[in-house]
Amino acid sequence: MFAVHLISFYFSKLHEDPTKKVDRFLYAMCLHDDQLRDISARFKAEMKKGLSAESNAVAAVKMLPTHVRSTPDGSEKGQFLALDLGGSKFKVLQVKVREGMGIRKGGVEIEEKTFTIPEELRMGRAVELFDHVSESLKDVLVEKNISLEKKHPLAFTFSFPCEQSTLDQGLLLSWSKNYRARGLQGKDVVQALRDAIDRTGGMDIEVLAMVNDTVATMMTCGFDDKYCEVGLIIGTGTNACYMEELRHVDLVEGDEGRMCVNTEWGAFGDDGALKDYITEFDRDIDAASINPGKQIFEKMVSGMYLGELVRLVVLKMTKMGQLFDGRVSDALRTKGKITTAHVAAMEEYKNGLKNTRDILTGLDLNPSHDDCTAVQRVSTIVSFRSSNLVAAGLAAILTRIKQNRNLRTLRITVGVDGTVYKTHPQYPKRLHKVVRRLLPECHVRFILSDSGSSKGAALVTAVARRLASQKRKLDESLSPLSLSHEQLQLVKARMRAGLEAGLKRKGPTAIKMLPSFVYRTPDGTEHGKYIALDLGGTNFRALLVNLKKGLQQNSQVYHKIYTIPQEIMQGTGEELFDNIAEFISDFLDYMGMKKAHLPAGFTFSFPCEQTAIDTGTLVSWTKGFKATNCEGHDVVTMLREAIKRRNEFDLDIAAVVNDTVGTMMSCAYEDPLCEIGMIAGTGTNVCYMEELKNIEKTEQKKGQMERGEGMPEGEGDKEDDGTEGDAETQKMCINTEWGGLGDDGSLDDIITFYDVEVDQNSLNPGKQRFEKLTSGMYLGEVVRKVLLDLTRGGLLFRGHVTETLKTPGIFETKYLSEIESDRLALLQVRSILQGLGLDSTCDDSIIVKQVCGAVSRRAAQLCGAGMAAVVDKIRENRGLDHLNITVGVDGALYKLHPHFSGVLQETARVLAPQCNVTFLPSEEGSGKGAALITAVVRQKEEM
């Protein structure tokens, strides 16, 4: 009975379906989707390791920066020579790129000549190899009657792993693809080519760019499809590149934009990452190669090895008696007898089996139909594994791109080149299908490179030229916004001169230097409940401040914010103050204090001439206010009259203060060294404690000060010569109104034509020139003017000037803070711009960010120079070698812009090195300061 079963088993095996037999034999090569996802995850981890400066040295996948920062946009132009070295042959090409003909329009003309590279040159000395390349280049120039005297830009496609520090420099890491030329590894390949050109002589060649064939393929396809940001080679070797966010490329300085990274994925697995997927046939291939242990992934995937893998499998199956009745021919034992071209032929749709029989017969084998079917199946499994592994690697790259850009779906194009992809009848379809199955959320298009990598190398050079030209033009446009150290010193000197003039001159001055009649900062004894009113921009705030004696941290503040309508801001004065009285009434209702009669401080953030702490005559409106019948009138009187007309509540308005003064007082409550207040928001201004003896505004005011009018009781009798008396009584807070610096023409040498246009279109032309360079109300408009100019010059938005860009005020200053955020990816910058109706590319977004940075940096530097003038004046006033002082600061620009405060502080430090200046952001704003001033005034009156 046992013998019957044995014969039956043998008979069944004899007639087993040959494809199932092969499937079982090559089970380890048949990868299912879960395995592919696992391989993809492993490759993604290897990418991350290669991009990191900390782990790149030990990473198998090197992730080499290429310094290619942009794909073509269709504006490239020029004539270029190109060299393409990467296989057993190399090409010399003449490439003409016509301007405006890219992106689905063609426009590239190519003439080429191919030269063979004998094996003795591939395996000999690198000097001889490059001499051969250079001499062949000269032969082409002579043959095509191309001028030898004229300088020719040249692009060099070099398809071996190189570490590049610039676009025209690359150190060879290792040879591959049967190249072993001595004396080049670790050296600059471009310099080796330049040296060879010099040795050949008689040519004026400028090597502008060296690129990998994968990068060149991406650029070739990117000329016809703007979504192409991945390049893929599946030929003699294999590799992939893609556009990575520069902030993730540790080996290159900078974090703006993208850079093409050459993954060199052929080395995936060199560190053992694929050990559980490697078969005995892969190990045999590796052991017999010229670089054992290297390029493991390439040996599983590329055309150099697929035919040999098939031969090794067929040889073993034959030795085991599963093919050809166990008869092994000498040809089958010979390395290289089955090629990748044979693999492609065996898998042809109609003639595959016939081709298989012809190939096997050529190997001195006598195949049966089942033998042919089985060998064809071996070929299919080996090539299918290759396309599966490539799909897993591509899935990792596409997933990374999608995650980098924070997208739910990704539309992208992969440019492909290589003999396996081009000649294998089933390979492209299999690859596309698996990629789409692994990444259903990605819309992936594959396009074949029509002109090889040489066209791409020329395009890299053309793009580099375009970007260099753009950078020069951009630098020229932005250079007027860049201030040198010498210019900032001049601004400091002019601010100092303006401060001095404002203190002494009787007539109008650019910097008004308005006395505030605030003689001291809080000492911590202030207590009680106070109302504070704050008008400084489009919002009005009403506050209740409960000060607790000696308990600064426990003071309580309640507030409510109201919006001033545009029509009220620019209506009549009576309407404006009636509106404010209505807000106060609502707030008192809200707090349940309508019947209370509390002292109030009024923060009024516009230039006022004061003759006492509770009077303030409006000098001029700023920040978009134009209410009539206010300038030249006492704002406290106007508010009291509005409250009286309403006849619902009563307030004891004890003080009117500028917001800078309120900010200083609020911060001085926390830090006794605070004697300067600064606003950097919608508007800009500074106040500080000045020596009384220096304030010579008018004889009347001087007399008042000498008599102590408006001063706390008893203080006017004390000496003010700096030698006797309490020091605090010898100072008064001065509201500089420094926004007027330049109204007399003193800043004309740094004011740009962008600033002139902003000024001319403002509500107060010729006024507040410093404020228009530095404050939130105007910075966005300055940026818009620059963007408009750059667009008209063709440097932005493809030269398309939209109605949005022509709309005044559309680019708000808040966008500067958002766009310049270090945490904001360029995709989010593009989103902001698109929300404004500005359809931007990645390059556009980088330029917009540069413009925002130039405008905001200049503003911060100017404020820093002004602050240096103020602190140095205080230091000299007091006869000190060194000054320690605190500045209380408020305003959205200072608090919310990511870099403004840092640039301001650094500029002040450099320009006033003898002053140690601490900047203290105001927690409660100027409203609390108004309450504190009121408290100081009331407590002195009670003494």
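All of these numbers come straight from a predicted model, not from anything done at the bench.

### As for the overall build of the protein chain
A tally of regular secondary structure across the protein chain gives 32 helices and 26 strands. Taken against the 2.2 N^0.38 rule, which gives 30 Å for 943 residues, the C-alpha radius of gyration of the protein chain at 39 Å runs more than 25% over that of a compact globule. In the protein chain, buried positions account for 59% of the 943 residues. In the protein chain, of all internal contacts separated by at least 6 residues, the share reaching a separation of at least 24 is 72%. Here the protein chain has roughly 38600 Å² of accessible surface; of this, 49% comes from carbon and sulfur atoms.

### Observations regarding the environment of Phe115
Examined against the element boundaries, Phe115 turns out to sit in strand 4 (residues 108–116). It is 96 Å that separates the C-alpha atoms of Phe115 and Arg646, two residues lying 531 residues apart in sequence. Apart from residues no more than four positions distant in its own chain, Phe115 is found in contact with Lys89, Phe90, Val92, Ser136 and Val140.

### Re the nonpolar core
Core analysis: the largest hydrophobic core is formed by 110 residues, its most contacted members being Ile676, Met678 and Phe811. Here this core takes 17 residues from helix 29 (residues 842–877), the largest share from any one element. With residues up to four places along the chain from it excluded, the contact list for Met678 reads Thr660, Thr663, Asn685, Val686, Trp738, Cys863, Met867, Val887, Gly888, Val889, Asp890 and Leu904. If you look at the next biggest cluster of nonpolar residues, it comprises 85 residues, including Val230, Phe297, Cys372 and Val382.

### Points about the packing of aromatic side chains
Going through the model one piece at a time under the given rule, you end up with 26 aromatic pairs. Judged by centre distance (5.0 Å) and plane angle (65°), the rings of Phe606 and Phe625 are edge-to-face. Of this pair, Phe606 sits in the loop between strand 18 (599–604) and strand 19 (608–612) while Phe625 sits in the loop between strand 20 (615–618) and helix 21 (635–646), and the two are 19 residues apart along the sequence. Neither Phe606 nor Phe625 differs from the other in exposure class; each is buried. Members of the aromatic cluster, each reached through a chain of ring pairs, are Phe130, Phe156, Phe158, Phe160, Trp175 and Tyr179.

### Some remarks on the pairing of strand 21 (residues 652–657)
Across the six residues that make up strand 21, a large majority, five, are buried. By the bridge criterion, five bridges tie strand 18 to strand 21 in an arrangement that is parallel. In the sheet register, Ala600 faces strand 21, and the bridge partner there is Ile653.

### A look at the pairing of strand 10 (residues 238–245)
Counting buried positions along strand 10 yields eight of eight residues, so the element is predominantly enclosed. Here strand 10 shows two buried faces, one formed by Thr238, Ala240, Tyr242 and Glu244 and the other by Asn239, Cys241, Met243 and Glu245. Sheet topology places strand 9 (residues 228–234) next to strand 10; five bridges connect them, and they run antiparallel. Bridge assignment links Ile233 to a residue of strand 10, and that residue is Asn239. Here strand 9 folds back onto strand 10 in antiparallel fashion, the turn holding three residues. Of the pairings in the sheet, the one linking strand 10 to strand 11 (residues 258–262) comprises five bridges and is antiparallel in character. Note on strand 11: the bridge partner recorded for Tyr242 is Val261.

### Thoughts on the sheet that holds strand 1 (residues 64–65)
With respect to topology, six strands assemble into an open sheet ordered 1-11-10-9-12-13, the strand pairing being mixed. Strands with a single pairing partner mark the edges of an open sheet, and in this sheet they are strand 1 and strand 13 (442–448). Alignment of strand 9 against strand 12 (residues 410–417), held across five bridges, turns out to be parallel. Residue Val230 lies in a different strand from strand 12, and its bridge partner there is Val414.

### Let's talk about the packing of helix 14 (residues 369–404) against helix 16 (residues 427–438)
When two helices pack together, their arrangement is captured by the angle between the axes and the distance separating the axes. Taken N-terminus to C-terminus, the directions of helix 14 and helix 16 make an angle of 40°; their axes are 8 Å apart at the nearest point. The orientation of helix 14 relative to helix 16 falls into the category oblique. Viewed along their axes, helix 14 and helix 16 form a crossing whose handedness is right-handed. On the side of helix 14, the interface is formed by Thr380, Ser383, Phe384, Ser386, Ser387, Asn388, Val390, Ala391, Ala392, Leu394, Ala395 and Leu398, while helix 16 contributes Tyr427, Arg430, Leu431, Val434, Val435 and Leu438. Here the residues of the contact of helix 14 with helix 16 sort into twelve nonpolar, five polar and one charged.

### A short note on the pattern of salt bridges
Two side chains that carry opposite charge are able to pair once their charged atoms sit near each other. Enumeration over the complete set of coordinates arrives at 57 salt bridges. Here Arg405 makes a salt bridge to Glu245, at a shortest N to O gap of 3.5 Å. Placement of the pair is Arg405 in the loop between helix 14 and strand 12 and Glu245 in strand 10, with a sequence separation of 160 residues. The exposure classification of Arg405 matches that of Glu245, with both residues buried. Between Asp755 and Arg858 there is a salt bridge; the shortest N-O distance is 2.8 Å. Here Arg858 lies in helix 29 and Asp755 lies in helix 24 (residues 753–760), a separation of 103 residues in the sequence. Overall, Asp755 belongs to the buried group, its relative accessible area being 5%.

### Here we look at the packing of helix 10 (residues 303–319) against helix 14
At a minimum axis distance of 10 Å, the contact between helix 10 and helix 14 shows a crossing angle of 140°. With respect to their mutual orientation, helix 10 and helix 14 come out oblique. The handedness of the crossing between helix 10 and helix 14 comes out as right-handed. For the pair helix 10 and helix 14, the contacting residues are Leu306, Leu309, Val310, Val313, Val314 and Met317 in the first and Val375, Val378, Ser379, Val382, Arg385 and Ser386 in the second. Residues belonging to the contact of helix 10 with helix 14 are distributed by class as follows: nine nonpolar, two polar and one charged.

### Points about unusual backbone geometry
Even without glycine at this site, Asp325 takes up a positive phi of about 55°. Inspection of the secondary structure assignment puts Asp325 in the loop between helix 10 and helix 11 (330–333). Judged by its relative accessible area of 83%, Asp325 is exposed. A positive phi angle, close to 55°, is found at Gln768, a residue other than glycine. Along the chain, Gln768 falls in the loop between helix 24 and helix 25 (769–774). For Gln768, a relative accessible area of 4% translates into the label buried.

### Some points on the side chain of Ser159
Tracing the sequence through the fold places Ser159 in the loop between strand 5 (152–158) and strand 6 (162–166). Of the residues examined, Ser159 reaches a relative accessible area of 7% and is grouped as buried. A distance of 3.3 Å separates a polar atom in the side chain of Ser159 from a polar atom in the side chain of Asp213. Excluding residues that lie within four positions of it along the chain, Ser159 makes contacts with Asp84, Leu85, Gly86, Lys177, Asn212 and Asp213.

### Details of helix 24
Those residues of helix 24 not exposed but buried are Tyr754, Asp755, Val758 and Asp759. Down the axis of helix 24, the sector holding all buried residues measures 135°, keeping them to one side.

### A word on the confidence of the model for the protein chain
Across the protein chain, pLDDT averages 87, with 91% of residues at or above 70. At the level of individual helices and strands, the protein chain shows its lowest average pLDDT in helix 1 (residues 2–14), which scores 43, and its highest in helix 31 (residues 900–911), which scores 97. Every residue in residues 1–14 scores below 50 in pLDDT, and together they form one contact with partners more than four places removed in sequence or on other chains. Counting interchain partners and residues more than four positions distant, the pLDDT-below-50 stretch residues 101–106 has 18 contacts.

### As for the side chain of Glu308
Along the chain, the position of Glu308 falls in helix 10. Other than its neighbours up to four places away in sequence, Glu308 contacts Ile285, Lys335, Gly336 and Ile338.

Criteria and cut-off values
- Residues numbered from 1 in each chain as written.
- Predicted model: local features only at pLDDT ≥ 70, side-chain atom pairs only at ≥ 80, totals over all residues.
- Heavy atoms only, no water.
- Helix = DSSP H or I, 4+ residues; strand = E, 2+ residues; numbered from the N terminus.
- Rg over C-alpha atoms; globule rule 2.2 N^0.38 Å.
- Buried < 20%, exposed > 50% of the residue type's maximum accessible area, 1.4 Å probe, protein only.
- Contact = heavy atoms within 4.5 Å.
- Areas by Shrake-Rupley, 256 points an atom, 1.4 Å probe, with all protein chains shown as cover.
- Core = buried A, V, L, I, M, F, W, Y, C linked by side-chain atoms within 4.5 Å.
- Phe/Tyr/Trp six-rings, centres within 6.5 Å; stacked < 30°, edge-to-face > 60°.
- Pairing = 2+ DSSP bridges.
- Axes fitted to C-alpha atoms, helices over the stretch in contact; angles between N-to-C directions.
- Parallel < 35°, antiparallel > 145°, perpendicular 65-115°, else oblique.
- Left-handed = near helix turned anticlockwise from the far one by under 90°.
- Nonpolar A, V, L, I, M, F, W, Y, C, P; charged D, E, K, R; others polar.
- Salt bridge = Lys/Arg side-chain N within 4 Å of Asp/Glu carboxyl O.
- Polar contact = N/O pair within 3.5 Å; in protein donor to acceptor, adjacent residues only side chain to side chain.
- Arc of directions from axis to C-beta.
- pLDDT = per-residue confidence, 0-100.

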